[in-house]
Amino acid sequence: MMEVVPFQESDIDTVFEIQRTAYKPLYEKYQDHDTNPYLERKETVLQKYTREGTKGYIFVKDGVPVGAVRIQLFSDKKSGRISALGVLPQYQGQGIAQQALPVIEQLHKEVERWFLDTILQEAGNCHLYEKLGYRRTGKTEIINDKMTLVFYEKG
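Now for a quick tour of the structure.

Parameters at a glance
Residues numbered from 1 in each chain as written. Predicted model: local features only at pLDDT ≥ 70, side-chain atom pairs only at ≥ 80, totals over all residues. Heavy atoms only, no water. Buried < 20%, exposed > 50% of the residue type's maximum accessible area, 1.4 Å probe, protein only. Helix = DSSP H or I, 4+ residues; strand = E, 2+ residues; numbered from the N terminus. Arc of directions from axis to C-beta. Contact = heavy atoms within 4.5 Å. Polar contact = N/O pair within 3.5 Å; in protein donor to acceptor, adjacent residues only side chain to side chain. Pairing = 2+ DSSP bridges. Axes fitted to C-alpha atoms, helices over the stretch in contact; angles between N-to-C directions. Phe/Tyr/Trp six-rings, centres within 6.5 Å; stacked < 30°, edge-to-face > 60°. Salt bridge = Lys/Arg side-chain N within 4 Å of Asp/Glu carboxyl O.

1. Observations concerning helix α4 (residues 123-131)
The α-helix advances 3.6 residues per turn, and as a result positions three or four apart in sequence lie on the same side.
Logical step 1: Restricting attention to buried positions, one finds in α4 the residues Cys126, Leu128 and Tyr129. All buried residues of α4 fall inside an arc of 160° around its axis, so they share one side. Within α4, the exposed residues directed more than 90 degrees away from the buried face are Ala123 and Gly124.
Logical step 2: Buried residues along α4 sit in contact with β4 (79-87), α3 (96-107), β5 (113-119), β6 (135-144) and β7 (147-154).
Logical step 3: Among the residues trailing α4, Gly133 stands out with phi positive, at a value near 100°.

2. Some details on the side chain of Glu40
Logical step 1: For Glu40, the location among the structural elements is in the loop between α1 (12-30) and α2 (42-50).
Logical step 2: By relative accessible area, Glu40 is classed as buried at 15%.
Logical step 3: A distance of 2.4 Å separates a polar atom in the side chain of Glu40 from a polar atom in the side chain of Lys48.
Logical step 4: What Glu40 contacts, discounting residues up to four positions off in sequence, is Phe16, Gln19, Val45 and Lys48.

3. Brief notes about the sheet that holds strand β2 (residues 54-61)
Logical step 1: Read across the sheet, seven strands follow the order β1-β2-β3-β4-β5-β7-β6 without closing on themselves; strand pairing throughout is mixed. Two strands bound the open sheet, and with one partner strand each, they are β1 (2-6) and β6. Averaged over all pairs of adjacent strands, the angle between strand axes in this sheet comes to 25°, irrespective of strand direction.
Logical step 2: The strands that α4 touches are β4, β5, β6 and β7; relative to β5, the one it contacts most, it runs at about 165°.

4. Considering the packing of aromatic side chains
Logical step 1: The tally for this structure, following the rule as stated, stands at five aromatic pairs.
Logical step 2: Ring plane angle 75° and centroid distance 6.1 Å describe the contact between Tyr129 and Tyr134, whose orientation is recorded as edge-to-face. Note on accessibility: Tyr129 and Tyr134 belong to one class, buried.
Logical step 3: Through pairs of rings, three or more aromatic residues link up here, namely Tyr129, Tyr134 and Tyr152.

5. Focus: unusual backbone geometry
Logical step 1: Unusually for a residue other than glycine, Asp62 sits at a positive phi of about 50°.
Logical step 2: Relative to the helices and strands, Asp62 is located in the loop between β2 and β3 (64-73).
Logical step 3: Of note in this structure, Lys77 is not a glycine but carries a positive phi near 60°.
Logical step 4: Position of Lys77 among the secondary structure elements: in the loop between β3 and β4.

6. Some details on the side chain of Thr118
Logical step 1: Considering the arrangement of structural elements, one finds Thr118 in strand β5.
Logical step 2: For Thr118, a relative accessible area of 7% corresponds to the buried category.
Logical step 3: A polar contact of 3.2 Å, which involves the side chain of Thr118, links it to the side chain of Asn125.
Logical step 4: The residues contacting Thr118, other than those within four sequence positions of it, are Asn125, Cys126, Tyr129, Thr148, Leu149, Val150 and Tyr152.

7. Brief notes about the pattern of salt bridges
Where charged atoms from two side chains of opposite charge approach closely, those side chains can pair.
Logical step 1: Per the counting criterion, the structure on display carries ten salt bridges.
Logical step 2: Between Glu43 and Arg41 there is a salt bridge whose closest N-O contact spans 3.6 Å. Of the two residues, Glu43 and Arg41, neither departs from the other in class, the shared state being exposed.
Logical step 3: Close ionic contact of Arg113 with Glu153 constitutes a salt bridge, the shortest N to O distance being 2.2 Å. Placement of Arg113 in strand β5 and of Glu153 in strand β7 is noted, with a sequence separation of 40 residues between them.
Logical step 4: For Glu153, a relative accessible area of 24% translates into the label partly exposed.

Shape descriptors only; they carry no functional weight alone.
Pasting the structure below:
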């Protein structure tokens, strides 16, 4: 069983460890020194999770925290951005994010348009978002010679 649990400040150690563990393989693969959440300090992660207009969620499978995500709700309250979604490597490919994102969208029914970006070279990520109804906007951003971000929207 998988649950989506709202982030509390007391969860920062758990979320920080999930983020570091989930993003380390991507950092090692792409060496994106300026953009990878693996490199963020715990204080920065806490600040991002608690800033105004931001909500955080932890994905809990069978009582174990296995992933986390941060969403930013824009001031118009009709649009939001999904950011820093990470699932522990040993739980990837088990449908965790596929189950969690629709729950989060339901929790924020007022949001009519969602935005996110992911690594173009990570075909599994692109497939996941497209399966959930996200469409490429046509915008990309080259981070380095190994990595390009691709932008998506839904709604």
